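# Descriptive analysis of the structure
What follows is the residue order along each chain.
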Amino acid sequence: MRIVVLDDAQAVARFGADTIGEQLSAKPESVLGLATGSSPLPLYQELISDYQAGKISFKSVRTFNLDEYLGLPGDHPQSYRHFMNKQLFNEVDIDLDNTEVPDGMSKNPLAFCAAYEERMKQAGGVDLQLLGIGRNGHIGFNEPSSSLVSRTRVKTLTRDTVEANRRFFAPGEFQPHLAITMGIGTIMEARSILLLATGTDKAKAIAEAVEGPISASSPGSILQMHAKVTVVVDREAAQEL
Ligand code: GLP
């Protein structure tokens, strides 16, 4: 594991954008695994600036997102498809047909999950997987106690995760408690992984993922078994290391 501690969230975003930039210049037709949440937002801003400055192109890139709420259509403001279109895809030269986010309205989610894995395989597998981490240590929506070899599937969200994400929903609005997520085994097949975390809220999850025992209680800890992981954190998220 390579651990990079930087001054603040902006520096973390810049480091992440440079890592993706290097990946795309080495292989313009890269397959990127992408993440949602607040952690990658500044990174997406940096990528948009790099694209506008002509430093980077997504023309030949394919993407697979980690997860999506079950029960939200792609045009729902809280869906991860909507998030990705708004925060990145609509602002760069990527072909939307080359972007995949799990279908939260799939009539047969189990069959969908198997097909999603198959499409990732057909695409040649993920070259670079971007990850955030939940404050309870989840990656994607692989909550604590998820099998460390799990594949893309439907997961029930923990109360803590539902609470943490409530801020994005209006009071009284339907908030899903189920999600489709790439499994931990799926994530581990990416050729390289870039995990970003910022803020004191993430300090415990980062300490457990980086220095704790490998355990399903802390899903991020499995990354210790991956040969090419970079964990990029600001000083706040690094404070328990
Ligand atoms: C969400 C997402 C994860 C994300 C995590 C942290 O629930 N499913 O992919 O990494 O929680 O989110 P944030 O970056 O907003 O703290």
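- Under an unreviewed UniProt entry, the name given to the protein is Glucosamine-6-phosphate deaminase, and the source organism is Reinekea blandensis MED297.
- Word for word, the UniProt comment on the protein under Pathway (unreviewed entry) is "Amino-sugar metabolism; N-acetylneuraminate degradation; D-fructose 6-phosphate from N-acetylneuraminate: step 5/5."
- According to the UniProt record, the Function (unreviewed entry) comment for the protein reads "Catalyzes the reversible isomerization-deamination of glucosamine 6-phosphate (GlcN6P) to form fructose 6-phosphate (Fru6P) and ammonium ion."

## Focus on helix 7 (residues 203-211)
- Those residues of helix 7 lying buried are A205, I206, E208, A209 and V210.
- Turning to helix 7, the residues buried within the fold contact strand 1 (2-6), strand 9 (192-197) and strand 10 (229-234).

## Comments concerning unusual backbone geometry
- One non-glycine residue with positive phi stands out, namely S145, at about 90°.
- The class of S145 is exposed, set by 10 C-beta atoms lying within 10 Å.

## Topic: the sheet that holds strand 3 (residues 62-65)
- Spatially, the seven strands line up as an open sheet ordered 1-10-9-6-2-3-5, and their pairing is parallel. Because the sheet does not close on itself, it has two edges, and the strands there are strand 1 and strand 5 (99-100).
- For strand 9 and strand 10, the ladder comprises five bridges, and the chain directions are parallel. The partner of L196 across the bridge, within strand 10, is V232.
- The sheet strands contacting helix 1 (residues 9-26) are strand 1, strand 6 (128-131), strand 9 and strand 10, and the helix crosses strand 10 at an angle near 155°.

## Observations concerning the UniProt feature "domain: Glucosamine/galactosamine-6-phosphate isomerase" (unreviewed entry) in the protein
- Within this structure's numbering, the places UniProt gives as "domain: Glucosamine/galactosamine-6-phosphate isomerase" (unreviewed entry) are residues 9-228.
- Taken end to end, residues 9-228 is 33% helix and 14% strand, and its two terminal C-alpha atoms sit 22 Å from one another.

The rules behind the values
- Residues numbered from 1 in each chain as written.
- Predicted model: local features only at pLDDT ≥ 70, side-chain atom pairs only at ≥ 80, totals over all residues.
- UniProt positions renumbered as here; feature names shortened; annotations may be inferred.
- Buried ≥ 20, exposed ≤ 12 C-beta atoms within 10 Å, placed from the backbone.
- Helix = DSSP H or I, 4+ residues; strand = E, 2+ residues; numbered from the N terminus.
- Contact = placed C-beta atoms within 7 Å.
- Pairing = 2+ DSSP bridges.
- Axes fitted to C-alpha atoms, helices over the stretch in contact; angles between N-to-C directions.

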